[in-house]
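So the chains spell out like this:
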Amino acid sequence: MIEPSGSRWRAPDWAVWIVALLGPPTLTAILVTLSAKEQRDYVFLYLGLVAALAVLRGLWPALTSAAISF
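Owing to the predicted nature of the structure, the values given are computational and were not obtained by experimental measurement.

A word on the overall build of the protein. Helix and strand counts for the protein stand at 3 helices and 0 strands. The helix and strand sequence of the protein, counted from the amino end, reads α-α-α. Every one of the 70 residues in the protein was classed for burial, and the buried ones make up 23%. Accessible area of the protein: about 5,600 Å², with a carbon and sulfur share of 71%.

Of all hydrophobic cores here, the largest spans 6 residues; its members are Val-16, Ala-20, Leu-49, Val-50, Leu-53 and Ala-62. The biggest single contributor to this core is helix 2 (residues 43-57), with 3 residues. When sequence neighbours within four positions are dropped, the list of residues in contact with Ala-20 reads Leu-53, Pro-61, Ser-65 and Ile-68.

Before going further, it helps to examine a nonpolar patch on the surface. A contiguous nonpolar patch, built from Trp-14, Trp-17, Ile-18, Leu-21, Leu-22, Leu-59, Trp-60, Leu-63 and Ile-68 and spanning about 960 Å² of accessible area, is present on the exposed surface. Elements with a contribution of two residues or more to the nonpolar patch: helix 1 (13-32) and helix 3 (59-69).

The next subject is the environment of Leu-53. Inspection of the secondary structure assignment puts Leu-53 in helix 2. A C-alpha to C-alpha distance of 9.8 Å links Leu-53 and Thr-64, two positions 11 residues apart in sequence.

What counts, and at which threshold
Residues numbered from 1 in each chain as written. Predicted model: local features only at pLDDT ≥ 70, side-chain atom pairs only at ≥ 80, totals over all residues. Heavy atoms only, no water. Helix = DSSP H or I, 4+ residues; strand = E, 2+ residues; numbered from the N terminus. Buried < 20%, exposed > 50% of the residue type's maximum accessible area, 1.4 Å probe, protein only. Areas by Shrake-Rupley, 256 points an atom, 1.4 Å probe, with all protein chains shown as cover. Core = buried A, V, L, I, M, F, W, Y, C linked by side-chain atoms within 4.5 Å. Contact = heavy atoms within 4.5 Å. Patch = residues over 30% accessible without salt bridge, like charges linked within 9 Å, V, L, I, M, F, W, Y side chains within 5 Å. Salt bridge = Lys/Arg side-chain N within 4 Å of Asp/Glu carboxyl O.

As structure tokens, this is what we get:
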């Protein structure tokens with residue numbers, strides 16, 4: 001099957017849900033190893049993950065990631 005030239009590649013739905021479910025805990029595990037300076041700025045990393053999921057794949061993966069991040 002030939003795809004139109006303007007089509008974009010999209011990750012499979014299962015991959016998006018893996019990122020939504022495992023992204024926040026993975027980010028937490030990485031941030032725990034960093035120094036304690038400016039921890040209040042870490043919230044923007046979680047917000048960026050949620051925003052990226054919302055823009056790229058929609059409401060439900062983003063809400064799931066936001067709930068896990070909270």
